[in-house]
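Analysis of the macromolecular model
Single-letter residue listing:
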Amino acid sequence: MKKIFVPSRLRGALLLFAFAAAPIQARPARKIPRDPRTVGLGRNCRQNADCNHHGQRCIKESDANGKPKDQGFCVLPCASFELGTTKVVPGAPVDTSKKAKKPPPRCPPKYQCRSAGAGVPIDMCVKE
């Protein structure tokens, strides 16, 4: 077997090329599943049935005179505060330890709850 002479300057470049040309084990990209409640938010609607998810509501806008318009848009109401809380029975002990169950979030991930007021009739989830 005959040895090939390679100058020292080229050895580093050849090693770098050999590592770069090696096949890379690529992991498939993980796609985060979208919450079905958020599909179709902001879509035009005339009634609640026009929205994609049964949890969404059709909110109708009003003009400058306060008259409601025909068209509305689909919004996702925030879950109530009481949804994940435990019922309190008078005289029963209350669990205040850190292991106590936390209430579930009011909105899906990447959404915040905007409270009612200033022209918004209900608490609704809006994108961050």
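This text goes with the structure placed above it.
Below or above, wherever it landed, is the structure these notes cover. Predicted model only: the values in this text are computed from it and were never measured. (Residues numbered from 1 in each chain as written. Predicted model: local features only at pLDDT ≥ 70, side-chain atom pairs only at ≥ 80, totals over all residues. Heavy atoms only, no water.)

**Side note on the overall build of the protein**
Stated precisely, the cut-off is as follows: Here a helix means four or more residues in a row that DSSP labels H or I, a strand means two or more in a row labelled E, and each is numbered from the N terminus. Three labels apply to residues, based on accessible area from a 1.4 Å probe with only protein chains included: buried if under 20% of the type maximum, exposed if over 50%, partly exposed otherwise in between. By the convention used here, residues are in contact when the closest approach between their heavy atoms is within 4.5 Å. For every accessible area listed, the method is Shrake-Rupley and the probe measures 1.4 Å; residues are considered covered only by the protein chains on display.
When helices and strands are tallied, the protein shows 1 helix and 5 strands. Shown N-terminal to C-terminal, the secondary structure of the protein runs as helices and strands in the order α-β-β-β-β-β. Counting every position in the protein, which comprises 128 residues, the buried fraction comes to 15%. Taking contacts inside the protein between residues at least 6 apart in sequence as the whole, the part at least 24 apart equals 37%. Looking at the protein as shown, the accessible area adds up to about 11,500 Å², and 58% of this sits on carbon and sulfur atoms.

**A few points about the sheet that holds strand 1 (residues 44-45)**
Quick note on the threshold: If DSSP finds at least two bridges between two strands, the strands pair.
Pairing is antiparallel in the open sheet, where 3 strands are placed in the order 1-3-2. Either end of the sheet is taken by a strand with one partner, and the two such strands are strand 1 and strand 2 (57-62). Sheet analysis places strand 2 next to strand 3 (residues 68-75), joined by 5 bridges and oriented antiparallel. For S62, the partnering residue across the bridge sits in strand 3 and is P68.

**Comments concerning the layout of surface pockets**
Let me state the cut-off plainly: A cavity here means a set of 1 Å grid points, computed over protein atoms only, where a 1.4 Å probe fits but cannot escape. A pocket is an open set with protein on both sides within 12 Å along at least 5 of 7 lines, and lining residues have an atom within 4 Å of a point. Grid points are joined across faces, edges and corners, and a volume is the space filled by probe spheres set on the points. Classification used: nonpolar for Ala, Val, Leu, Ile, Met, Phe, Trp, Tyr, Cys and Pro, charged for Asp, Glu, Lys and Arg, polar for all others including Gly.
Reported here for the largest pocket is a volume of approximately 270 Å³. Forming the boundary of the largest pocket are I32, P33, R34, D35, T38, P108, P109, K110, Y111 and K127. Broken down by class, the residue content of the lining of the largest pocket amounts to 5 nonpolar, 1 polar and 4 charged.

**Regarding the state of the cysteines**
Heads up, the condition is: Sulfur atoms of two cysteines make up a disulfide when they are within 2.5 Å.
Under the definition given, this model contains 4 disulfides. Residue C45 pairs covalently with C58 via a disulfide, S to S 2.1 Å. Judged by the sign of its S-S torsion, about 100°, the bond between C45 and C58 is right-handed. Remark: C58 occurs in strand 2 and C45 occurs in strand 1; sequence separation between them is 13 residues. For C78, the disulfide goes to C113, at an S-S distance of 2.0 Å. As the torsion about the S-S bond is roughly 120°, the C78-C113 disulfide counts as right-handed. Of the two residues, C78 is situated in the loop between strand 3 and strand 4 (111-114) and C113 in strand 4; the sequence distance between them amounts to 35 residues. Within the protein, bonded cysteines paired by disulfides and numbered along the sequence follow the pattern 1-3, 2-4, 5-7, 6-8.

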